[in-house]
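Structural overview for review
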Amino acid sequence: MSAGEQRGGVDLTNLDQPLSPDAGATKRDLVDYLDAVADRMVPGLAGRPLTVLRVLRGRAPFMQKNVPKYTPEWVRTVAIWAEASHREVHYPVCDDRRTLLWLANQRAVEYHPALGLADDIYRPTHLVLDLDPPAGGDFAAVVHVAHLVRQALEDSGLAGAVKTSGAKGIHVFVPIDDHAAVEDVAAATRALAARAEALDPASATTAFIVEDREGKVFVDATRAGGATVAAAYSPRLRPGTPVSFPLDWSDLDRVSPTDFTVHTAFDALAGRDPWADSMPAAQRLPSDLIEQGRTIPVARVAAMHEGKRRARARRAEKD
């Protein structure tokens, strides 16, 4: 094949260039992988404002929300007002294979869709818990806490699907109906994290401030509202170009995140679509879970106030 070709109505260029010095993959590898998993990956992207991580030659990797001016007319976009930057952001919406291939040709390596759909980005369709290991922590510790989260879900009458984050963590997705307001979804997320922590406080923590985590796995309950999360099957810009790979709960103890890369993940699927197969139907959040969550401070706000308090205490010590 030549360095330039066309696939699915998209002109592909510079396919044999490496994605990054330690990616262990070329742009062709990225395109081939995304094309192979498009029928599984696109359903998780469709209808959602999309943020991508692009890596261009000679530039540091960057997150991109606004589509570039040269974006083809056939790429669907949605305009959403960004209060923080006081401007309208035109997000791409990846509804089909052609758009995914075009994004891949733009060297978009990571795909981070919003948890809400384009018509209401702030109403999440899934409750998400993001499990992060401590620095140098092993994956087994994260797996242990993932099972705590599953137990907390079961105790609350809920069920979720699990995937590797593509880095060193785990994402748990709980599909929810549209009964709860976004503030209630956020509250329920906090409550679930607290319930998982309570099952084994020596292993799990909800401490937002890193220095307070004491080497435990962080159960991040802040992915609500207009948040994004790496999509199932999305590559990640890490050494070896791993991907976020869906798993059966029973397989968690037998895998490593590095088992799944742009080179190996498609074969590992063995013809299956584990994300679709394992995702429960949308569920109604229990009122007691929401009520408990309302009593738990919002992590970012609590951390901000605590940071200010500690800064005052340090200044007082110096004085």
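In this report, we go over the structure that sits alongside the text. (Residues numbered from 1 in each chain as written. Predicted model: local features only at pLDDT ≥ 70, side-chain atom pairs only at ≥ 80, totals over all residues. Heavy atoms only, no water.)

Glancing now at the nonpolar core. Core analysis: the biggest nonpolar cluster contains 81 residues, and L100, Y111, L127, L131, I170 and L285 have the highest contact counts within it. Beyond its immediate stretch of four places on either side in the chain, L285 contacts L127, L158, I176, A180, V185, A188 and I290. Core analysis: the second largest hydrophobic core is formed by nine residues, V89, V93, A114 and A118 among them. (Core = buried A, V, L, I, M, F, W, Y, C linked by side-chain atoms within 4.5 Å. Buried < 20%, exposed > 50% of the residue type's maximum accessible area, 1.4 Å probe, protein only. Contact = heavy atoms within 4.5 Å.)

The next thing to look at is the environment of A186. Considering the arrangement of structural elements, one finds A186 in helix 4 (residues 182–199). Its relative accessible area of 15% is what places A186 among the buried residues. Sequence-wise, A186 and I290 are 104 residues apart; in three dimensions their C-alpha atoms are separated by 8.4 Å. (Helix = DSSP H or I, 4+ residues; strand = E, 2+ residues; numbered from the N terminus.)

Attention now moves to unusual backbone geometry. In this model, E214 sits at a positive phi of 55°, which is unusual for a non-glycine residue. Checked against the element boundaries, E214 lands in the loop between strand 13 (204–205) and strand 14 (217–220). Taking the relative accessible area as the measure of exposure, E214 reaches 63% and is therefore exposed. Within the chain, Y233 stands out as a residue other than glycine whose phi angle is a positive 80°. The residue Y233 is located in the loop between strand 14 and strand 15 (246–247) in this model. Of the residues examined, Y233 reaches a relative accessible area of 0% and is grouped as buried.

Next up on the list: the packing of helix 4 against helix 7 (residues 287–294). When two helices pack together, their arrangement is given by the angle between the helix axes and the distance between those axes. Where helix 4 meets helix 7, the axes come as close as 7 Å, and the angle between the chain directions of the two elements is 85°. Taken together, the axis directions place helix 4 and helix 7 in an arrangement best described as roughly perpendicular. Where helix 4 abuts helix 7, its residues D184, A187, A188, R190, A191, L192, A194 and R195 lie against D288, L289, I290, Q292, G293 and R294. For the contact of helix 4 with helix 7, a count of residues per class yields seven nonpolar, two polar and five charged. (Axes fitted to C-alpha atoms, helices over the stretch in contact; angles between N-to-C directions. Parallel < 35°, antiparallel > 145°, perpendicular 65-115°, else oblique. Nonpolar A, V, L, I, M, F, W, Y, C, P; charged D, E, K, R; others polar.)

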